[in-house]
Amino acid sequence: MARLYLKFEEQVIREVVLTRGMVTIGRQPDNLLRIDNPAVSGYHARVYWKDGQYILEDTESFNGTYVNNRSIGSAVLTDQDVIVIGKHTLVFCERSSEELAARNISVDRSVSMQQQAEKARVPQLDPTMVLDTRKAREMLAKAAAAGLGGAVATEIERVTAGHCSSGSAMASSAITGRGRIGCLTILKGKTDRQHYLLQSKLSAIGRSKLATIRLKRWFAPRIAASIQLREDRYFIVAAGKPGRITINAKRMDVSQQELRPGDVVEVAGVQAKFDYNM
């Protein structure tokens, strides 16, 4: 019987016996295989049986899913495939290993549990880390030699934010413990809203469904940039080349720059004004 072995730093921490049902993988507690790590999305990936083989599918996770050091949308699993999700590694085995079975691991055989959980999914409450692409590649290269995957991450949280009103600012201050909250107002370009309160430690800008400032242009980057909150100061950080971001009509020639009240930022065809909502 096929199995998935969840590993962290070369230690097997869990075993899941695969049946003909579906195994969902993610950080939310209603996943059959839960990985409680900030680099893992709430519902990150799933494994299911189709046409006599097991399929691994990435479910639009923020940081992606890797099989044998290659990013995948979906892939047919073969014996001894190494899957990297965040900082954890999953090894797919078509039959159980005596060595792995001897370890102190928990086995979850319940398909009905997952079916019940699907009926009552809970909202994603915790922040999701966004992986540094360059560092992730470096870690994956090392993983190829060691047979183990890993990733380096920084924090991201999707925030539900309304208009920049004083009432919203008071609520935000209570959440963050800070006296002022950054506010971004869209001046030009298509986004899902016009006003954003930057309540998170990191707010992503991009086309991804998990981005805080979600770009609606069809060919917009999945993640174009991010705005990071560090001790009451906000910084815009480029996801790629810094020259693609302009601040007050001047190209940003560094990877990150502090935002000042009144700054007008342009990234991926969207122009926005930064200010503080006191």
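Each residue is numbered by its place in its chain's sequence as written, counting from 1. For a predicted model such as this one, the threshold for reporting local features is a pLDDT of at least 70, and the threshold for listing and counting side-chain atom pairs is 80 or more; totals across whole chains, interfaces and linings nevertheless cover every residue. To obtain the side-chain values, all non-hydrogen atoms of the structure were included, while hydrogens and water were left out.

## As for the pairing of strand 11 (residues 88-93)
To sort residues, take the accessible area from a 1.4 Å probe on protein chains only and compare it with the maximum for the residue type: under 20% means buried, over 50% means exposed, and anything in between is partly exposed. The helix count covers DSSP runs of H or I at least four residues long, the strand count covers runs of E at least two residues long, and both are numbered beginning at the N terminus. The buried count for strand 11 comes to six of six residues, which makes it a mostly enclosed element. Of the two faces of strand 11, the one carrying His88, Leu90 and Phe92 and the one carrying Thr89, Val91 and Cys93 are both buried. At least two DSSP bridges between two strands are needed for those strands to be called paired. As paired strands, strand 1 (residues 3-8) and strand 11 are joined by five bridges and run antiparallel to one another. Bridging from a neighbouring strand, Leu4 pairs with Phe92 of strand 11. As paired strands, strand 10 (residues 82-85) and strand 11 are joined by four bridges and run antiparallel to one another. Bridging from a neighbouring strand, Val84 pairs with Thr89 of strand 11. Counting the residues between successive antiparallel strands, the hairpin from strand 10 to strand 11 contains two residues, one of them, Gly86, with a positive phi of roughly 60°.

## Some words on the confidence of the model for the protein chain
The predicted structure's coordinates, where accompanied by low pLDDT, should not be read in detail. Per residue, pLDDT measures the predictor's confidence, with a range of 0 to 100. Averaged over every residue, the pLDDT of the protein chain is 75; the share at 70 or more is 69%. The low-confidence segment residues 97-127 (pLDDT under 50) makes 54 contacts with residues lying over four places distant or belonging to another chain. Whether two residues are in contact is decided by their heavy atoms, any of which lying within 4.5 Å being enough. In this model residues 144-178 is a low-confidence stretch, pLDDT under 50, and it forms 88 contacts with partners more than four residues away in sequence or in other chains.

## Remarks on the side chain of Ser61
Residue position: Ser61 is located in the loop between strand 6 (53-58) and strand 7 (65-67). Looking at Ser61, the relative accessible area reads 0%, which means it is buried. Polar contacts here mean pairs of N or O atoms no more than 3.5 Å apart (in protein, one a potential hydrogen donor and the other a potential acceptor; neighbouring residues in sequence count only if both atoms are side-chain atoms). Of note is the side chain of Ser61, whose polar atom sits 3.2 Å from the side chain of His44. Apart from residues lying up to four places away in sequence, Ser61 is in contact with Ser41, His44 and Arg222.

## As for the environment of Ile72
Considering the arrangement of structural elements, one finds Ile72 in strand 8 (residues 70-72). Assessed through its relative accessible area of 13%, Ile72 is described here as buried. Note: C-alpha distance between Ile72 and Ile83 (11 residues apart in sequence) is 10.0 Å. The residues contacting Ile72, other than those within four sequence positions of it, are Leu56, Asp58, Thr65 and Val67.

## Remarks on the sheet that holds strand 18 (residues 213-214)
Within the open sheet, the five strands sit side by side as 18-17-19-20-23. Their pairing is mixed. One side of each edge strand has no neighbouring strand; the edge strands of this open sheet are strand 18 and strand 23 (256-258). One ladder, built from three bridges, connects strand 20 (residues 233-238) with strand 23; its direction is antiparallel. Within strand 23, the position partnered with Val237 by the bridge is Gln256.

## Some details on the sheet that holds strand 25 (residues 270-277)
As summarised here, the arrangement of the six strands in space is 16-15-25-24-21-22, forming an open sheet in which the pairing is antiparallel. Each having just a single partner strand, strand 16 (195-198) and strand 22 (250-251) make up the two edges of the open sheet. Pairing between strand 15 (residues 181-188) and strand 16: four bridges, direction antiparallel. Across the sheet, residue Gly182 finds its bridge partner in strand 16, namely Leu198.

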